[in-house]
Amino acid sequence: MRILLLAFLACLVGPCSVAAGKAPAAREPTLADFKLGRPVLGKGSLADAKGKGVVIEAWGVRCPPCIASLPKLQALSVKHQGKVLFFGAESQGSDKKASEAVIRRAGVTFPISTGLARCPIEFNAIPRAFVFDASGKLIFDGSPHGAAFAEAVDKAAAGVAAR
């Protein structure tokens with residue numbers, strides 16, 4: 001009887017979502033939860049992103065799908081210049097010389113870092129893109145290949161234009 005009374009009192013004092021079989025809602029990651037690694041090429045940081053959309057792509061120099069995505073990201077960065085900032089995060093631990101060779105061939109001009117120093121989302125495949133709106137809200141998490149990614153980038157840019 002005493003245990004039932006304590007359980008009842010605990011529900012009165014605190015939330016009962018776990019007791020009711022519901023897990024507490026996890027907070028969605030925001031741009032503030034991400035941190036780029038050391039700069040490899042280009043200038044710019046996530047601190048420059050206030051009021052702008054942001055794209056972060058984790059990629060690698062030994063990843064053909066990653067290399068194929070770079071020119072597409074570059075084209076989107078030109079299309080949305082001033083509204084959306086793009087960052088590449090080389091995530092295979094390659095040296096600066098190897099990264100430089102790949103991005104020069106791809107014509108990339110946006111900043112590249114040595115991976116992600118902090119990323120609240122676990123992933124084990126690249127390329128992986130994260131798109132944030134101007135408020136820092138994550139609006140896309142997935143492959144940069146396909147229409148959903150391009151639509152998310154367009155949405156991030158449109159949100160900046162509407163401000």
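Structure: see above.
What you see is a predicted model; the values in this text were computed from it and never measured. (Residues numbered from 1 in each chain as written. Predicted model: local features only at pLDDT ≥ 70, side-chain atom pairs only at ≥ 80, totals over all residues. Heavy atoms only, no water.)

## A word on the layout of surface pockets
Part 1: By volume, the largest pocket amounts to about 230 Å³.
Part 2: Forming the boundary of the largest pocket are 15 residues, of which Ser-77, Gln-81, Thr-109, Phe-110 and Pro-111 lie nearest the centre.
Part 3: Counting residues per element, the ones that place at least two in the lining of the largest pocket are α2 (64-79) and β4 (84-90).
Part 4: Counting residues per element, the lining of the largest pocket draws most heavily on β4, which supplies four residues.
Part 5: Partitioned by chemical class, the residues of the lining of the largest pocket number seven nonpolar, seven polar and one charged.
Part 6: As a volume, the second largest pocket reaches approximately 160 Å³.
Part 7: Around the second largest pocket, the lining is made up of 14 residues, and of these Leu-31, Leu-46, Ala-49, Lys-50 and Gly-136 lie nearest the centre.
Part 8: Among the residues making up the lining of the second largest pocket, the classes are represented as eight nonpolar, three polar and three charged. (1 Å grid on protein atoms, 1.4 Å probe; cavity = no way out; pocket = protein on both sides within 12 Å on 5 of 7 lines; lining within 4 Å. Points joined across faces, edges and corners; volume = space filled by probe spheres on them. Helix = DSSP H or I, 4+ residues; strand = E, 2+ residues; numbered from the N terminus. Nonpolar A, V, L, I, M, F, W, Y, C, P; charged D, E, K, R; others polar.)

## Description of the packing of aromatic side chains
Part 1: In total, this model carries five aromatic pairs according to the counting rule given.
Part 2: Both rings, one in Phe-86 and one in Phe-110, keep their centres 6.1 Å apart while their planes meet at 40°; by these two values the pair is tilted. Note that Phe-86 is positioned in strand β4 and Phe-110 in the loop between α3 (96-106) and β5 (112-113), a separation of 24 residues in sequence. You'll find Phe-86 and Phe-110 in the same group, each marked buried. (Phe/Tyr/Trp six-rings, centres within 6.5 Å; stacked < 30°, edge-to-face > 60°. Buried < 20%, exposed > 50% of the residue type's maximum accessible area, 1.4 Å probe, protein only.)

## Considerations on unusual backbone geometry
Part 1: Across the junction of Ile-126 and Pro-127, the peptide omega takes the value 5°, indicating a cis bond.
Part 2: Structurally, the position occupied by Pro-127 is in the loop between β6 (116-118) and β7 (128-132).

## Describing α3
Part 1: Of all the residues in α3, the buried ones are Ser-99, Val-102, Ile-103 and Ala-106. Looking straight down α3, one finds its buried side chains confined to an arc of 90°; they lie on one side. Along α3, exposed side chains directed more than 90 degrees from the buried face belong to Lys-97, Arg-104 and Arg-105.
Part 2: Where α3 is buried, its residues meet β2 (39-41), β3 (53-59), α2, β4 and β5.
Part 3: Positive phi shows up at Gly-107, right after α3, with a value of about 75°. (Arc of directions from axis to C-beta. Contact = heavy atoms within 4.5 Å.)

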